[in-house]
Amino acid sequence: MKKIQSTCNYCAIDCNLDFYVEDNRVVKTVPTKGYPVNDGFCCIKGLSLDKQQTTIKPNCLPKIRQKDGTFQTVSWDEGFRHVADKLKEIQKKYGQESVAGISTGQLTLEEFAIFGHVMRNYLQTNVDGNTRLCMATAVVAHKQSYGFDAPGYTLQDLELSDTIIFIGSNPVVAHPILWGRVKKNQVPDHKIIVIDPRKSETAMNADYWYGLKWRSDLLLLYTVANQLIEKDYLDHKFISEHTEKFQEFKTFVKSYTLEQGAKGTGLSKEQILELVELIGHGKRVSFWWTMGVNQGYEAVRTAQAIINLALMTGNIGKPGTGANSITGQCNAMGSRTYSNTAVFYGGGDFTNPDRRKRIAQVLGVDEEMLAKKPTKTYNQIIEGINAGEIKGLWILCTNPRHSWVNNETFASAAKKLELFVVQDIYDTIESAENCTVFFPVVPGLKKEGTYINLERRLSAMRPVLERGENEISDYEAILGVGKALKMGDALKGWETPKACFEQMKECSRGMPCDITGITWEGLENSHGIQWPYPEGKEAEFSQEQRRLYCDGKFFTPSKKAQFMFEEVRENPLPLTEEFPYMLNTGRGSVGQWHTQSRTKEVKFVEDVSVKKAYLFMNTRLAMEHGIREMDEIQVYSANGQNARFTVKLTEQVGYEELYAPIHYIECNKLTPSIYDPYSKEPSYKATPVRFVKIQ
Ligand SMILES: Nc1nc2c(c(=O)[nH]1)N[C@H]1C(S)=C(S)[C@@H](COP(=O)(O)OP(=O)(O)OC[C@H]3O[C@@H](n4cnc5c(=O)[nH]c(N)nc54)[C@H](O)[C@@H]3O)O[C@H]1N2
Ligand SMILES: Nc1nc2c(c(=O)[nH]1)N[C@H]1C(S)=C(S)[C@@H](COP(=O)(O)OP(=O)(O)OC[C@H]3O[C@@H](n4cnc5c(=O)[nH]c(N)nc54)[C@H](O)[C@@H]3O)O[C@H]1N2
Ligand code: SF4
Ligand SMILES: [Mo]
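Residues numbered from 1 in each chain as written. Chains lettered and ligands numbered in written order. Predicted model: local features only at pLDDT ≥ 70, side-chain atom pairs only at ≥ 80, totals over all residues. Heavy atoms only, no water.

Draft legend 1. Structural view of the overall build of the protein chain. Secondary structure assignment for the protein chain yields 25 helices and 26 strands. Taken against the 2.2 N^0.38 rule, which gives 26 Å for 695 residues, the C-alpha radius of gyration of the protein chain at 24 Å falls within 12% of a compact globule. Counting only residues that meet the buried cut, the protein chain has 63% of its 695 residues in that class. Taking the intrachain contacts of the protein chain between residues at least 6 apart in sequence as the baseline, contacts between residues at least 24 apart amount to 73%. When the accessible surface of the protein chain is split by element, carbon and sulfur atoms take 50% of a total near 25300 Å². (Helix = DSSP H or I, 4+ residues; strand = E, 2+ residues; numbered from the N terminus. Rg over C-alpha atoms; globule rule 2.2 N^0.38 Å. Buried < 20%, exposed > 50% of the residue type's maximum accessible area, 1.4 Å probe, protein only. Contact = heavy atoms within 4.5 Å. Areas by Shrake-Rupley, 256 points an atom, 1.4 Å probe, with all protein chains shown as cover.)

Draft legend 2. Up close: the sheet that holds strand E10 (residues 208–210). Overall, parallel pairing links the five strands, which are arranged E10-E9-E8-E12-E13 in an open sheet. Here the strands that pair on one side only, and so sit at the sheet edges, are E10 and strand E13 (322–325). Shown here is a sheet whose adjacent strand axes are inclined to one another by a mean of 15°, direction ignored. Two strands pair when backbone bridges link them, and strand E8 (residues 163–167) and strand E12 (residues 285–289) are joined in this way by five bridges, in the parallel orientation. Residue pairing across strands places Ile167 opposite Trp289, the latter belonging to E12. (Pairing = 2+ DSSP bridges. Axes fitted to C-alpha atoms, helices over the stretch in contact; angles between N-to-C directions.)

Draft legend 3. Inspection of the environment of Arg356 at higher detail. Of note, Arg356 is situated in helix H17 (residues 353–363). Residues Arg356 and Phe344 lie twelve residues apart in sequence; the distance between their C-alpha atoms is 8.4 Å. Once you skip the residues sitting within four places of it in the chain, Arg356 turns out to touch Phe344, Phe350, Glu367, Leu370, Ala371 and Lys372.

Draft legend 4. Inspection of the environment of Phe80 at higher detail. You can see Phe80 is positioned in helix H2 (residues 76–94). Taking the C-alpha atoms as reference points, Phe80 and Ala360, separated by 280 residues in sequence, lie 26 Å from one another. In contact with Phe80, not counting residues within four places along its chain, are Phe439, Ile472, Glu476, Ala477, Gly480, Val481 and Ala484.

Draft legend 5. The arrangement of the site of ligand 3 in detail. Cys8, Tyr10, Cys11, Ile13, Asp14, Cys15, Cys42, Cys43, Lys45, Gly46 and Ile177 make up every residue found near ligand 3. Considered class by class, the residues forming the shell around ligand 3 number eight nonpolar, one polar and two charged. (Near = heavy atom within 4 Å. Nonpolar A, V, L, I, M, F, W, Y, C, P; charged D, E, K, R; others polar.)

Draft legend 6. How the structure looks around unusual backbone geometry. In the segment running from Trp531 into Pro532, the intervening peptide bond is cis, with an omega of 0°. Tracing the backbone through its elements, the reader meets Pro532 in the loop between strand E19 (529–530) and strand E20 (561–562). A positive phi angle, near 50°, is found at Asp23, a position not held by glycine. One can find Asp23 in the loop between strand E2 (16–22) and strand E3 (25–31). Taking relative accessible area as the criterion, Asp23 reaches 72% and is therefore assigned exposed.

Draft legend 7. Fine view of the site of ligand 2. Taken together, 34 residues lie near ligand 2, and Asn130, Ser403, Asp424, Thr595 and Asn668 sit nearest. At 3.0 Å from an oxygen atom of ligand 2 is found a side-chain nitrogen or oxygen belonging to Arg587. In the environment of ligand 2, an oxygen atom lies 2.8 Å from a nitrogen or oxygen atom belonging to the side chain of His594. (Polar contact = N/O pair within 3.5 Å; in protein donor to acceptor, adjacent residues only side chain to side chain.)

Draft legend 8. Seen up close, the state of the cysteines. Evaluation of the coordinates by the stated rule reveals zero disulfides. Not part of a disulfide, Cys42 finds its nearest cysteine sulfur in Cys15, a span of 5.7 Å. (Disulfide = S-S within 2.5 Å.)

Draft legend 9. Representation of helix H13 (residues 269–281) in the model. The end-to-end C-alpha distance of H13 is 18 Å, a good match for the 18 Å that 13 residues give at a rise of 1.5 Å each. What H13 keeps buried is the set Ile272, Leu275, Val276, Leu278 and Ile279. Looking down the long axis of H13, one finds its buried residues gathered within 160° of arc, a one-sided arrangement. Facing away from the buried surface of H13 by more than 90 degrees, the exposed residues are Glu270 and His281. (Expected span 1.5 Å × (residues − 1). Arc of directions from axis to C-beta.)

Draft legend 10. Expanded view of the sheet that holds strand E23 (residues 632–637). A barrel is described by the order of its strands in space; here six strands give the closed sequence E21-E25-E22-E24-E23-E26, paired in mixed fashion. Averaged over neighbouring strand pairs, the angle between their axes works out to 45° when direction is ignored. Sheet analysis places E23 next to strand E26 (residues 687–693), joined by five bridges and oriented antiparallel. The residue bridging Val635 from the neighbouring strand is Phe691, located in E26.

Draft legend 11. Looking closely at the packing of aromatic side chains. Applying the stated criterion across every chain, the model contains 33 aromatic pairs. Their ring planes at 70° and their centres at 5.3 Å tell us that Tyr10 and Trp593 sit as a pair that is edge-to-face. Highlighted residues: Tyr10 in the loop between strand E1 (2–7) and E2 and Trp593 in the loop between strand E21 (581–586) and helix H24 (603–606), separated in sequence by 583 residues. By the burial criterion, Tyr10 is buried, and Trp593 matches it. Between Tyr549 and Phe554, the ring centres sit 4.6 Å apart and the planes meet at 25°, which makes this aromatic pair stacked. Classification of Phe554 as buried rests on a relative accessible area of 2%. Ring pairs connect the aromatic residues Tyr222, Phe246, Phe249, Phe252, Tyr256, Phe563 and Phe565, which therefore count as one cluster. (Phe/Tyr/Trp six-rings, centres within 6.5 Å; stacked < 30°, edge-to-face > 60°.)

Draft legend 12. Inspection of the packing of H17 against helix H22 (residues 497–508) at higher detail. H22 packs onto H17 with a crossing angle of 155° between their chain directions and a minimal axis gap of 9 Å. When the axes of H17 and H22 are compared, the pair comes out roughly antiparallel. Seen from above, H17 lies across H22 with right-handed handedness. Side by side, H17 and H22 meet where Arg355, Arg358, Ile359, Val362 and Leu363 of the first sit next to Gln503, Met504, Glu506 and Cys507 of the second. A per-class count over the contact of H17 with H22 returns five nonpolar, one polar and three charged. (Parallel < 35°, antiparallel > 145°, perpendicular 65-115°, else oblique. Left-handed = near helix turned anticlockwise from the far one by under 90°.)

Draft legend 13. Representation of the pattern of salt bridges. Going through the model one piece at a time under the given rule, you end up with 35 salt bridges. With a shortest N-O distance of 2.8 Å, Asp149 and Arg336 are connected by a salt bridge. On the criterion of sequence distance, the pair formed by Asp149 in the loop between helix H4 (136–146) and helix H5 (157–160) and Arg336 in helix H16 (residues 332–338) is long-range, its members being 187 residues apart. There is no split in this pair, since Asp149 and Arg336 are both buried. A salt bridge links Asp189 to Lys191; its shortest N-O distance comes to 3.4 Å. Residues participating in the shared-partner salt-bridge network are Arg358, Glu506, Arg509 and Glu535. (Salt bridge = Lys/Arg side-chain N within 4 Å of Asp/Glu carboxyl O.)

Draft legend 14. Representation of the pairing of strand E16 (residues 437–440) in the model. Because side chains alternate across E16, one face comprises the buried residues Val437 and Phe439, and the other comprises Phe438 and Pro440, equally buried. Of the strand pairs in this sheet, strand E4 (residues 63–65) and E16 are connected by two bridges, and their pairing is antiparallel. Considered in E16, the bridge of Ile64 is made with Val437. Where strand E15 (residues 419–424) meets E16, four bridges bridge the pair, whose relative direction is parallel. From the neighbouring strand, Asp424 faces E16, where its bridge partner is Pro440.

Encoded structure:
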């Protein structure tokens, strides 16, 4: 029996697991003891990684759609040639940006990097990722406030904090191992606080729950800031030495009165004042936010309002503190700095001459070949397809027909494409329905590469199982197309994931996310290593759990953090007489992952999961409509679509609110095409709807 340590490629915790393998089969999965993230624990998804499809049936070869609509299986070489020829042909006919890619936060760092090289550098076109649906808001917030997309915390901060505040975050379901770290907190009398319109599973386990009105967080946070200032619960030294624009912020929030705050959030004045006291009296206050904040129409400013609270109270860079954005997918952090979509490899703008020079030097290519601007955003790509401007699309490791906001817009786009490559471990996903080419690739258990978790920790994915005939990885599929495109010397240094990693290390040199001290071999069987970890400074950075900003220095030119703020905006989609209820969406259970392609293979998850789309409704509202548990309703959305749901009754959602888990395609049939203006992240969590009981 062999033991192989690798990384779970579901959520951003990146638990490490020891796989025991016999006859090329996993016989036992044991969460790695001593690994600083999950130390001998993990959730059901990690334990069942070997249950997901490891071979596409009946073979592992690509399929190309024929004129009559049927598929023909071809060799990999033919598949690569077909895609390369089509990409070039479309570009020639319709222009450079008439092809695009949609990537993910769930592949390895090396896979993002090579996809970025082929598409963004060589083909000079656009690639956005499903991280746009998830982390884009936090990225913009960090860049503007800190000068770099650098979440500063370490998970240990959860154990050291005396006041832990979750805002739009439900770790009991979405990040169970993170919640486990909260449970390890030994600080006497520590408080757990949840801000969420829904009494979520986390709220049920908290000391305080503030059930504010949906989308009223920004108002609440400015009101709280104003009160903290009035009561002088401030860290004046930190503010003056390490921040800028506080005076402007102070003047700005003056108009956010307690009365107004209470009215707009639906909380009482006493509740708001209680929250102010909890923050004001906490010695180590930590704020943690996730999708309840990131997915909104004024999301960037909301995330920054959280950062402002941490800055003004000096709760940053010290043990148990921070304004901490929790990441969703296993390698969202890798995609943020190494996918070549919004910034260069290792960070830095595409227009920065020094970065251009450096990246060109590392990659051994002409500066001209490098991407010249940030990518078109996800919504622009889908809109571009629907407008007939984009004719070719290559998606990998994401299922947008299900997960994209207002998902019928993706359905119509998919039908308009001349080339639609879907690269996945399942050919049964909804997005593959209209593809013209399907690339079957192996899952994580048969791959190698690097992952970066939510606290900036790199860890190794190493092959647990051997591959069979024709089985190839995402990396090899992308490289194959690159070769068929005749990239020639431009693929020097990209031959293997390890070679790619070496280049990415060099690109990071001297940047905030410097990983030059990390080696490919050193990551194997390790405890993972957080960035930064610069070469030559290994001793200085040897601590296993590190946070950023300990010296109060940020990454802006002045080294000071910025107070960022803007007036609260009206909800662009308020409730109306026609649509009098608000549909909230999010994770349903620990066992279910997004569009369920993988987790529906896990029998003990499937056995306890509802098979049809369902939503939660307040008991009183249901009673008024004569609706009982498991009755069916038709839900009509302000976006013009409707869908059928089964009803589950609960006291945990408010009278005017419904809550639908995202694991069913019906959910995003109803969500509207509304985005944050800065991050372009969709506003997934508040759709006005009405419903009719199906008799
Ligand atoms: N089991 C499981 N775990 C997962 C995933 C999964 O699919 N399944 N997905 C992973 C990914 S990619 C991500 S991004 C994370 C997401 O992790 P979370 O963001 O924690 O999960 P969500 O359920 O999307 O949303 C969190 C909460 O936001 C609340 N919310 C909605 N509107 C508002 C609002 O206006 N204000 C506030 N304050 N809160 C609001 C919702 O009620 C919900 O409880 O989970 C990761 N973990
Ligand atoms: N209404 C609503 N919608 C949401 C959200 C919400 O809160 N509300 N959350 C959004 C968020 S935060 C996210 S992150 C997205 C997630 O949305 P998606 O990324 O579309 O969802 P997944 O099901 O994770 O898709 C991953 C795909 O990759 C495939 N796959 C797995 N491993 C591999 C591999 O190694 N290689 C390849 N090529 N494929 C592989 C899987 O089979 C699956 O088809 O959903 C977003 N949609
Ligand atoms: S899904 Fe997340 S918490 Fe569960 S085992 Fe994987 S990395 Fe750990
Ligand atoms: Mo996500």
